[in-house]
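Structural description and commentary
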Amino acid sequence: MSMTTSKIQGVPFELRFRTMAPHPDESLSSAIDRVAGLWSVGRIELLRQLGYTKGSKELDTLVSLPLLESMARAFGTDAEYLVSLAVPRDRSGTLVSSGLRYAYCPLCMEEDWRSGYTPYFRLDWGRLWVTHCRRHLTPLFEWGKMSYSGQRLLPHELHLSYEPSASLPGWMSSHLAEAKLWAGRAGSDDGDHALWKALIKVEEAWCLDGTGDPRRDATAIMLRRERILVKLAVLFLASSDPARTCLAGRLHIPPHQHSVLGYDARRQRRGFRNPTWCEFGTILTAIQARRAVTLLVAHTLGLLGTALRYATGAVIPPGRSVEWASEIAAQRADRRLVLAALRIMDDW
């Protein structure tokens with residue numbers, strides 16, 4: 001990164017990043033983090049050098065045209081191109097909270113590195129209703145090194161040329177190995193992974209019809225479906241009894257798949273025992289819990305295509321059934337509000 005100081009006092013530095021411009025499928029926050037890591041500066045400092053001093057929590061939406069113009073000059077590209085990569089403000093609800101966008105596919109990262117460029121984070125990985133890599137059909141994993149400001153810190157080795165013997169962090173090597181084990185599960189006849197295959201099928205269907213796509217112009221149908229999904233999702237995180245876990249935590253997951261599909265109450269954010277639908281994108285800090293909730297949402301809509309069981313072994317009533325609606329309603333003190341939320345399924 002090179003800098004030249006303007007002669008006019010108060011005018012920001014004109015930066016030249018000397019690196020690749022953002023990729024078409026890259027998030028803008030990833031591009032900032034990639035450059036910050038390359039030059040060993042923090043995200044906040046890099047933004048300050050770009051003339052942006054309003055904070056760094058949300059960088060993937062269209063928050064500041066001056067910032068995008070400054071970034072475009074630094075990357076040596078057109079501002080219009082960066083604007084096309086930014087998520088419109090009215091579509092920001094399709095993404096998880098900015099502080100929780102640390103999902104990634106280790107196989108994609110490895111392919112980037114092998115191809116000769118710095119690995120980067122795809123915008124798709126931050127989508128609320130996508131928890132798998134659409135290229136490799138593997139689970140998305142949680143990035144293991146973050147700064148206090150939310151910057152995803154790349155290991156130094158990833159900024160260098162690919163080296164098979166390079167010493168990557170233990171968590172990343174572990175994710176790579178696990179991702180390779182899951183890579184062929186979606187297309188296998190292995191009944192042991194029925195939940196995983198059903199989850200991928202549901203998420204892919206939503207991707208194809210545009211549900212939850214942050215860069216696609218929203219139709220009335222898309223907006224209606226996205227609203228239904230989040231209104232249903234929070235029902236599975238509520239519990240009328242503090243001593244009892246929510247429905248997402250009572251779902252039976254095969255023990256060897258719990259690290260991918262299981263809900264962990266210890267990672268649930270405090271203060272959200274009875275969350276509202278508009279809070280959903282900020283609640284779940286673990287992508288595994290989001291998968292458990294997605295399974296229950298799809299089941300409730302009658303879209304899952306496979307049976308669900310409680311951890312006790314009891315079969316969960318069919319989706320859209322009166323019995324299942326009754327069990328969901330029992331999780332909150334005000335049953336009328338829950339039943340009203342369930343009625344919106346008729347608009348799916």
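In this report, we go over the structure that sits alongside the text. These numbers come from a predicted model, not from an experiment. (Residues numbered from 1 in each chain as written. Predicted model: local features only at pLDDT ≥ 70, side-chain atom pairs only at ≥ 80, totals over all residues. Heavy atoms only, no water.)

1. Regarding the packing of helix α7 (residues 194-208) against helix α11 (residues 287-300)
In contact at an axis separation of 10 Å, α7 and α11 are set at 75 degrees when each is read in the N-to-C sense. In terms of orientation, α7 lies roughly perpendicular with respect to α11. Only Arg-291, Thr-294, Leu-295 and Ala-298 of α11 make contact with α7, whose side of the interface consists of Leu-195, Trp-196, Leu-199, Val-202, Glu-203 and Trp-206. Considered class by class, the residues forming the contact of α7 with α11 number seven nonpolar, one polar and two charged. (Axes fitted to C-alpha atoms, helices over the stretch in contact; angles between N-to-C directions. Helix = DSSP H or I, 4+ residues; strand = E, 2+ residues; numbered from the N terminus. Parallel < 35°, antiparallel > 145°, perpendicular 65-115°, else oblique. Contact = heavy atoms within 4.5 Å. Nonpolar A, V, L, I, M, F, W, Y, C, P; charged D, E, K, R; others polar.)

2. A few points about the pattern of salt bridges
Applying the stated rule across the entire model yields 14 salt bridges. Residue Asp-209 is joined to Arg-225 by a salt bridge in which the shortest nitrogen-to-oxygen separation is 3.0 Å. One end of the pair, Asp-209, is in the loop between α7 and α8 (220-233); the other, Arg-225, is in helix α8, and 16 residues separate them in sequence. Each of the salt bridges in this network shares a partner with another, and the network as a whole consists of Asp-25, Asp-112 and Arg-122. (Salt bridge = Lys/Arg side-chain N within 4 Å of Asp/Glu carboxyl O.)

3. Topic: the packing of aromatic side chains
Under the defined criterion, the tally for this structure stands at 13 aromatic pairs. Three or more aromatic residues joined by ring pairs make a cluster, and in this case those are Tyr-104, Phe-121, Trp-125, Trp-143 and Trp-171. Lying over the aromatic face of Tyr-120, Arg-122 brings its terminal NZ or CZ to 3.9 Å of the ring centre. Stacked on the ring of Phe-121, the Lys or Arg Arg-152 has its end atom at 4.5 Å from the ring centre. (Phe/Tyr/Trp six-rings, centres within 6.5 Å; stacked < 30°, edge-to-face > 60°. Lys NZ or Arg CZ within 6 Å of the ring centre and 35° of its normal.)

4. Thoughts on the side chain of Glu-26
Looking at the secondary structure, you find Glu-26 in the loop between β2 (14-16) and α1 (28-38). Relative accessible area serves as the criterion here: at 0%, Glu-26 is assigned to the buried category. Within polar-contact distance, the side chain of Glu-26 engages the side chain of Ser-30 at 2.8 Å. (Buried < 20%, exposed > 50% of the residue type's maximum accessible area, 1.4 Å probe, protein only. Polar contact = N/O pair within 3.5 Å; in protein donor to acceptor, adjacent residues only side chain to side chain.)

Keep in mind these values describe shape, not function.
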